[in-house]
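Here are the chains, one letter per residue:
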2 protein chains.
Amino acid sequence: MIAVAAAVLSLAEILQAAPAADWRDIEPENTLYLAIPGGRVVIELAPAYAPANVAAVKKLVREGYFDGAAIIRSQDNYVVQWARAEDDPRAKAMAAVKLKPEFWRVMDGGLPFTKLGYVDTYAPEVGFSAGFPVARDPRSRETWLVHCYGSVGVGRDNAADSGNGAELYAVIGQSPRNLDRNITLVGRVVQGIEKLSVMPRGSGPMGFYEKPAQWTPIASTRVAADVPAAERVELQALRTESATFKTVVASRASRKEAWFKEPVGKIGVCNVPLPVRVKPK
Amino acid sequence: MIAVAAAVLSLAEILQAAPAADWRDIEPENTLYLAIPGGRVVIELAPAYAPANVAAVKKLVREGYFDGAAIIRSQDNYVVQWARAEDDPRAKAMAAVKLKPEFWRVMDGGLPFTKLGYVDTYAPEVGFSAGFPVARDPRSRETWLVHCYGSVGVGRDNAADSGNGAELYAVIGQSPRNLDRNITLVGRVVQGIEKLSVMPRGSGPMGFYEKPAQWTPIASTRVAADVPAAERVELQALRTESATFKTVVASRASRKEAWFKEPVGKIGVCNVPLPVRVKPK
């Protein structure tokens, strides 16, 4: 079978050899489950980078705000976005709610950072922090989550403080890095992004669906910690501070498989896989 | 309505102001039409960068090779791929056909090049050439098409010369730039990529569908020049050598719309829009 690249195998081998300590449990308290007709989408939240926004999203989730929400936008090579209907009373009540933007935060020795070590078009320094792709500017001492495929953020209107957690989006295309530092990211999809990325594209401006009948309903959104243990999926993420992760990055920067003729020896921050697995029994 | 970014409007304004001379007709002789159930996908071929492979693909198209082919692979955040069924006699006949790889070519004063001017993780220099995103290395004097969203290439097996045009792929995710210089790109989707990017993902290894029943049929593929004029769509692409394109790049690197709080002042080669329109009457 002719393939573009036999991409999966050697990564699988590296991961299989990883010691258990190189994996961390994804905390149920920082995990969201979205129930869509195609199945479950799992999001890991990043409170270290957006504490107020993550707290706001979790509060809304726990109030049932997203039960009966819908995917209202699917813009090709950009984002899918979900919310309650604009004319819904709860949506109207949220429309005026302001929240502190968390577009970036101050660098802090307590934040893990694994530097990628290759130049980036957009930021002075890029790497990974506790499982998330991040950038930082050592001069200004600012750091921020970056927009990669699967990143999840808080939609907003023109005012910087108009995003309040009531509308969320996930990236489904080329990393829109010009959104970095312009909008608050709260996490990333760790399972099920392929259920969002195949949503038919909306035909309205910016990929909004023109008719509510085209929306994809979200039956419920739950914090995983609130879900009975038997209904949870226990996920683990490869620690981005681990030796195994360094091997993953190196192997992806210089692919050794027979298929590759000219390993480039470099890799972009949004091209590095961030492995997630179901926790072994 | 809360939006992630009101992206479209100011680009539309720039394009509306463009003089007619800044647009070029996309040549019917270098255009492919794929007829899939969702409609027509239009590909512009790039013979300047892959003359032998483009010629091979067009020859196969004109022999009806892709009539009755199917989308056999849809790998999330990577590629869709199409071909005839592996056990089809014509596919079997093609399996052993070798073709010169055209992973890169020698730089040449005759090739237009508009330098982007921002650093790139993967290549010494990136920019655009007659409508296609490209990279080059002034030291080795090599230049090549780069893998961006919508790029179309020739699938191959492990041998560099095993790609012969009988299997094609299109990028539907984060630009897989490590494929650059490892496989022959022949063009890019200029209309209808959103019909390919929403294909349900295949559940087999590398996103291959596990059952032929899951394939999406391609009723026909045609060179646009072979289609009656009344059935063609006359497309124009913004000249990447034009002043308007420079304005597009600058406006996208530093977004001026009210929504953007911190324009980054930089942009990646795969984040620059390559505008295409239906030719005005």
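Shown above is the structure to which this text applies.
Residues numbered from 1 in each chain as written. Chains lettered and ligands numbered in written order. Predicted model: local features only at pLDDT ≥ 70, side-chain atom pairs only at ≥ 80, totals over all residues.

**Observations concerning the overall build of chain A**
Helix and strand counts for chain A come out as five helices and 17 strands. Taken over the C-alpha atoms alone, chain A extends approximately 55 × 50 × 40 Å along its principal axes. Looking at chain A as a whole, 49% of its 281 residues are labelled buried. Contacts in chain A between residues at least 24 apart in sequence constitute 71% of all its contacts with a sequence separation of at least 6. (Helix = DSSP H or I, 4+ residues; strand = E, 2+ residues; numbered from the N terminus. Buried ≥ 20, exposed ≤ 12 C-beta atoms within 10 Å, placed from the backbone. Contact = placed C-beta atoms within 7 Å.)

**Looking at the interface of chain A and chain B**
Between chain A and chain B, the contact holds 56 residues from the first and 56 residues from the second. Where the side of chain A that touches chain B is concerned, the elements lending two or more residues are strand E5 (79-83) and helix H4 (193-197) of chain A. For the side of chain A that touches chain B, the leading source of residues is H4(A), giving three residues. Here the side of chain A that touches chain B is composed, by residue class, of 29 nonpolar, 13 polar and 14 charged. (Nonpolar A, V, L, I, M, F, W, Y, C, P; charged D, E, K, R; others polar.)

**Regarding unusual backbone geometry**
Residue and element names in this part refer to chain A. In this structure, Ala130 takes a positive phi of about 50 degrees despite not being glycine. Mapped onto the fold, Ala130 is located in the loop between strand E8 (125-129) and strand E9 (132-137). The exposure class assigned to Ala130 is partly exposed, which follows from the 18 C-beta atoms found within 10 Å. Of note in this structure, Arg181 is not a glycine but carries a positive phi near 70 degrees.

**Topic: the relation of the copies chain A and chain B**
After a rotation of 180 degrees and a shift along the axis of 0.0 Å, chain A superposes on chain B with an RMSD of 0.0 Å. Each copy turns onto its partner about a two-fold axis. Most of the interface of chain A is mirrored in chain B: 100% of its interface residues are interface residues there too. (Least-squares fit on C-alpha atoms with pLDDT ≥ 70 in both.)

**Structural notes on the sheet that holds strand E10 (residues 142-145) of chain B**
All names here are of chain B. The five strands lie next to each other as E6-E10-E9-E8-E7, forming an open sheet whose pairing is antiparallel. The strands lining the two open edges of the sheet, one partner per strand, are strand E6 (105-106) and strand E7 (114-115). Relative to strand E9 (residues 132-137), strand E8 (residues 125-129) runs antiparallel, the two sharing five bridges. Across the sheet, Gly127 pairs through a bridge with Val134, a residue of E9. (Pairing = 2+ DSSP bridges.)

**Quick look at the sheet that holds strand E14 (residues 216-218) of chain B**
Residues and elements named next belong to chain B. Strand order in this open sheet of nine strands is E14-E4-E5-E12-E11-E13-E3-E2-E15, and the pairing throughout is antiparallel. For this open sheet the edge positions go to E14 and strand E15 (220-223), each flanked by a neighbour on one side alone. Taking the axes of each pair of neighbouring strands and ignoring which way they run, one obtains an average angle of 30 degrees across the sheet. Both strand E4 (residues 69-74) and E14 contribute to a ladder of three bridges, which runs antiparallel. The partner of Ala69 across the bridge, within E14, is Ile218. Set on the sheet, helix H2 (residues 51-62) makes contact with strand E2 (31-36), strand E3 (39-45), strand E11 (151-154), strand E13 (184-191) and E15; between it and E15 the angle comes to about 120 degrees. (Axes fitted to C-alpha atoms, helices over the stretch in contact; angles between N-to-C directions.)

**Describing the nonpolar core**
Among soluble globular proteins, nonpolar side chains are generally buried collectively. Of all hydrophobic cores here, the largest spans 76 residues; its most connected members are Val80(B), Ala170(B) and Val186(B). Ranked by the residues each element gives to this core, the list is headed by H2(B), at five residues. Sequence-distant contacts of Val80(B), defined by excluding residues within four places in its chain, comprise Ile71(B), Arg73(B), Ser74(B), Tyr169(B), Ala170(B), Ile172(B), Leu196(B) and Met199(B). Counting 75 residues, the second largest nonpolar core, distinct from the first, contains Ala46(A), Leu116(A), Ile172(A) and Ile193(A). (Core = buried A, V, L, I, M, F, W, Y, C linked by C-beta atoms within 7 Å.)

**Observations regarding helix H5 (residues 243-253) of chain A**
Within H5(A), burial applies to Phe245(A), Val248(A), Val249(A) and Ala253(A). Seen from one end, H5(A) has its buried residues packed into an arc of 125 degrees, which puts them on one side. (Arc of directions from axis to C-beta.)

**Regarding H2(B)**
Residues and elements named next belong to chain B. In a regular helix each residue adds 1.5 Å, so 12 residues correspond to 16 Å; H2 covers 16 Å between its end C-alpha atoms and thus fits that length. If you check which residues of H2 are buried, you get Asn53, Val54, Ala56, Val57, Lys58, Leu60 and Val61. Those residues of H2 hidden inside the fold are in contact with E2, E3, E11, E13 and E15. Downstream of H2 by one or two residues, Gly64 has phi in the positive range, about 75 degrees. (Expected span 1.5 Å × (residues − 1).)

**As for the pairing of strand E4 (residues 69-74) of chain A**
All names here are of chain A. Within E4, five of the six residues are buried, which leaves it mostly tucked inside the rest of the structure. In this structure, E4 lies alongside E5, joined through four bridges in antiparallel fashion. Its bridge partner lying in E5, Arg73 is registered against Gln81.

**So, the pairing of strand E2 (residues 31-36) of chain A**
All names here are of chain A. In terms of burial, E2 is largely enclosed, as five of its six residues are buried. Direction of pairing for E2 relative to strand E3 (residues 39-45): antiparallel, over a ladder of six bridges. Within E3, the position partnered with Tyr33 by the bridge is Val42. Between the end of E2 and the start of E3, which pair antiparallel, lie two residues. Pairing of E2 with strand E15 (residues 220-223), which is carried by four bridges, proceeds in the antiparallel orientation. Its bridge partner being in E15, Leu34 is matched across the sheet by Thr221.

Don't take any of this as a statement about function, it's just geometry.
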